[in-house]
There are 2 protein chains.
Amino acid sequence: MRLYNVDHVGIAVFDLDAALSDYERLYGVFPLYRETVEAQGVEEAMIPVGGSFVQLLQPLSADSPVGRFLASRGEGLHHLAFAVDDIEVALSELAEQGARLVDTVPRSGGRGARIAFVHPSTLGGTLVELVELSHDH
Amino acid sequence: MRLYNVDHVGIAVFDLDAALSDYERLYGVFPLYRETVEAQGVEEAMIPVGGSFVQLLQPLSADSPVGRFLASRGEGLHHLAFAVDDIEVALSELAEQGARLVDTVPRSGGRGARIAFVHPSTLGGTLVELVELSHDH
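Within each chain, residue numbers correspond to sequence positions counted from 1 in written order. Working convention: letters from A go to chains and numbers from 1 go to ligands, in the order in which they are written. In view of the model being predicted, local features appear only for residues whose pLDDT reaches at least 70, and side-chain atom pairs are presented and counted only at 80 or more, with totals across whole chains, interfaces and linings using the full set of residues. Remark: hydrogens and water are excluded; side-chain values derive from all non-hydrogen atoms of the structure.

A.B. asks: Looking at this model, I keep getting lost on the overall build of chain A. Mind explaining?
C.D. replies: Within chain A, the secondary structure is distributed over 3 helices and 8 strands. When the elements of chain A are put in sequence order from the N terminus, they spell out β-α-β-β-β-α-β-α-β-β-β. Relative to the compact-globule value of 14 Å for 137 residues, chain A shows a C-alpha radius of gyration of 15 Å, a close match. Projected onto its principal axes, the C-alpha coordinates of chain A cover approximately 45 × 35 × 25 Å. For the exposure calls, accessible area comes from a 1.4 Å probe over protein chains only, and a residue counts as buried if that area is under 20% of its type's maximum, exposed if over 50%, partly exposed in between. With 137 residues in all, chain A has 53% of them scored as buried. At a minimum sequence separation of 6, the contacts of chain A that also span at least 24 residues come to 53%. For every accessible area listed, the method is Shrake-Rupley and the probe measures 1.4 Å; residues are considered covered only by the protein chains on display. Just so you have it, chain A exposes about 5,900 Å², and 48% of that area is on carbon and sulfur atoms. For the purposes of this entry, the term helix denotes a DSSP run of H or I that reaches at least four residues, the term strand denotes a run of E that reaches at least two, and both are numbered from the N terminus. The globule rule used for comparison is 2.2 Å times the number of residues to the exponent 0.38, while the radius of gyration itself is calculated over C-alpha atoms. Contacts: residue pairs with any heavy atoms within 4.5 Å of one another.

As structure tokens, then:
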């Protein structure tokens, strides 16, 4: 496995419009993508900053992973996403090394990407997302 | 102000050696810098991933910001750092916009950088660090 990039940093927010407005007002940055990702139970916006994105996540319902995160911890840093070239190879290598995988097979993420999460108990209390970007995007 | 990059994502850990070993074993990545930053009360390691760094932080004492974070929340994502060209201008603009600044004047960070933190209550529950990198580094 090779990590190619910090693809994005995911931040859970209660109000996506308000957070986007604040990012623009305070930091002068804007979203490049915004979409609803039903498979993740979120509406998300991707703000490019240099070679990575700040991803803002608003849950579609309280009974979703991001909804439960907000209820228990409030707004804040949610996960760290690395770009990989082959997500199946990455998941296989992580499993061999004893990583606790949230997803043993990839799911659909935003931007047409294939994604999978690694449980925070694996390393540094950090929910890690692997992202295999679509070549069409 | 212009945000040039996601300079790094800071992660608080109890044991820096163990975390570095796990990052190498699981993800095949290594630190480029490792140093003690007395002004921040941490020993830190910077792992390059693409154009950004994963920063691992081990507190020098329990009575430090990162030490208190670990005591209350455990290991995990601690802050998000953006590179700026002029940190005084950035702080001035943020103050004008009503941001709550942890540091109204820059402090010394790792890699010879000048840094300042913006309080998480400002936006998205996220502790934001501004980094003006040293031209000599």
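A.B. asks: I keep staring at the interface of chain B and chain A and nothing clicks. Help me out?
C.D. replies: Reports often express the size of an interface as the amount of accessible area lost when the parts come together. Counting residues at the interface gives 40 residues for chain B, matched by 40 residues for chain A. Once two parts are brought into contact, the accessible area they lose, counted with a 1.4 Å probe and summed over both, makes up the buried area. Taken together, both faces of the contact between chain B and chain A bury some 3,300 Å²; the carbon and sulfur share is 68%. Salt bridges are identified by distance alone: a Lys or Arg side-chain nitrogen within 4 Å of an Asp or Glu carboxyl oxygen. Inspection of the region where chain B meets chain A yields 0 salt bridges. Only β1 (3-12), α1 (16-27), β4 (52-59), β5 (76-84) and β8 (128-132) of chain B provide two or more residues apiece to the side of chain B that touches chain A. With 7 residues, β1(B) is the largest single contributor of residues to the side of chain B that touches chain A. For the side of chain B that touches chain A, the per-class residue count stands at 24 nonpolar, 12 polar and 4 charged. Ten residue types, Ala, Val, Leu, Ile, Met, Phe, Trp, Tyr, Cys and Pro, are classed as nonpolar, four, Asp, Glu, Lys and Arg, as charged, and the remainder, Gly among them, as polar.

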